[in-house]
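Geometric and topological summary
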Amino acid sequence: MRGCVPLVVIGMLSGCHTYLPLGTVEPQVGTRVSAELTGEGSDTLARHLGPGITALRGDVVFAEDADVILSVTSVTDRAGQEKLWKREQVRVPRVAVQSFQRRKFSLGRSLLLSAAVLGGSVAAWEWFQGGITGGGFPSGGDGGRPR
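The present account deals with the structure reproduced in this document. (Residues numbered from 1 in each chain as written. Predicted model: local features only at pLDDT ≥ 70, side-chain atom pairs only at ≥ 80, totals over all residues. Heavy atoms only, no water.)

Here we look at the pairing of strand E3 (residues 53-63)
Bridge analysis of strand E2 (residues 32-37) against E3 gives 5 bridges, and the strand direction is antiparallel. Looking at E3, one finds that glutamate 36 is bridged to alanine 55. Note: E3 against strand E4 (residues 67-77), 9 bridges, orientation antiparallel. Bridge pairing in E4 links isoleucine 53 to aspartate 77. Connecting E3 to the next strand, E4, in antiparallel fashion are 3 residues. (Pairing = 2+ DSSP bridges. Helix = DSSP H or I, 4+ residues; strand = E, 2+ residues; numbered from the N terminus.)

A short note on the environment of alanine 96
Counting through the fold element by element, alanine 96 comes out in the loop between strand E5 (82-93) and strand E6 (97-105). In this structure alanine 96 comes out as buried when scored by relative accessible area, which is 3%. With 29 residues separating them in the primary sequence, alanine 96 and aspartate 67 have C-alpha atoms 9.3 Å apart. In this view, alanine 96 contacts Glu36, Leu37, Thr38, Gly41 and Leu45; residues no more than four positions away in its chain are not counted. (Buried < 20%, exposed > 50% of the residue type's maximum accessible area, 1.4 Å probe, protein only. Contact = heavy atoms within 4.5 Å.)

Overview of the side chain of aspartate 59
Positionally, aspartate 59 belongs in strand E3. A distance of 2.7 Å separates the side chain of aspartate 59 from the side chain of arginine 32, its partner in a polar contact. In this view, aspartate 59 contacts Gly30, Thr31, Arg32, Ile69, Leu70, Ser71 and Arg87; residues no more than four positions away in its chain are not counted. (Polar contact = N/O pair within 3.5 Å; in protein donor to acceptor, adjacent residues only side chain to side chain.)

Observations regarding the pattern of salt bridges
Taken as a whole and assessed by the stated rule, the structure comprises 6 salt bridges. One salt bridge in this structure joins aspartate 43 and arginine 78, with 3.9 Å as the shortest N-O distance. Taken together, the positions of aspartate 43 in helix H2 (residues 39-44) and arginine 78 in the loop between E4 and E5 put the pair 35 residues apart, joining distant regions of the chain. The exposed category is assigned to aspartate 43, whose relative accessible area is 54%. For arginine 78, a relative accessible area of 59% puts it in the exposed group. For lysine 83, the salt bridge identified is with aspartate 77, shortest N-O distance 3.2 Å. Look at lysine 83 and you get partly exposed, because its relative accessible area is 43%. (Salt bridge = Lys/Arg side-chain N within 4 Å of Asp/Glu carboxyl O.)

Some remarks on the environment of arginine 91
Within the secondary structure, arginine 91 sits in strand E5. Along the primary structure arginine 91 and valine 61 are separated by 30 residues, whereas in three dimensions their C-alpha atoms are 9.6 Å apart. Contacts of arginine 91, omitting those with residues within four sequence positions, involve Leu45, Glu64, Asp67, Val68 and Ile69. At 3.4 Å, the side chain of arginine 91 and the side chain of aspartate 67 are in polar contact.

Considerations on unusual backbone geometry
Positive phi values are uncommon outside glycine, yet arginine 87 reaches one of about 60°. For arginine 87, the location among the structural elements is in strand E5. Take arginine 87: its relative accessible area is 40%, and that puts it in the partly exposed class.

What follows is the structure in structure tokens.
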């Protein structure tokens, strides 16, 4: 069971996050946010983000009244496809943003993930050690009948 502790720690470190309403008018520098764009905002930013982008995620680098600069980690298009970015900075006009949400660690989801990883690991360990057995195959080629 001592071997399971690292698996639980790995599960917690890879934990789940959720996005919640920002709760403040101003996104704070350093906060990981998701910015849902307006239709016009998507069109305005198409030359920087690509066509049909509806949301972008990243860290707030700078925030002022008219613009927010994000270090972008991913963008989502109209089809719901997410594309990863390498933290390129993008200036996003406030009028282009429909709403901001902040990223928050989800303890419940992370515990559920950890339990699933732990349970799967224990089951795999037992299976490889021969601890989980099912019905056996008959021996010999004659269906196991004595001769």
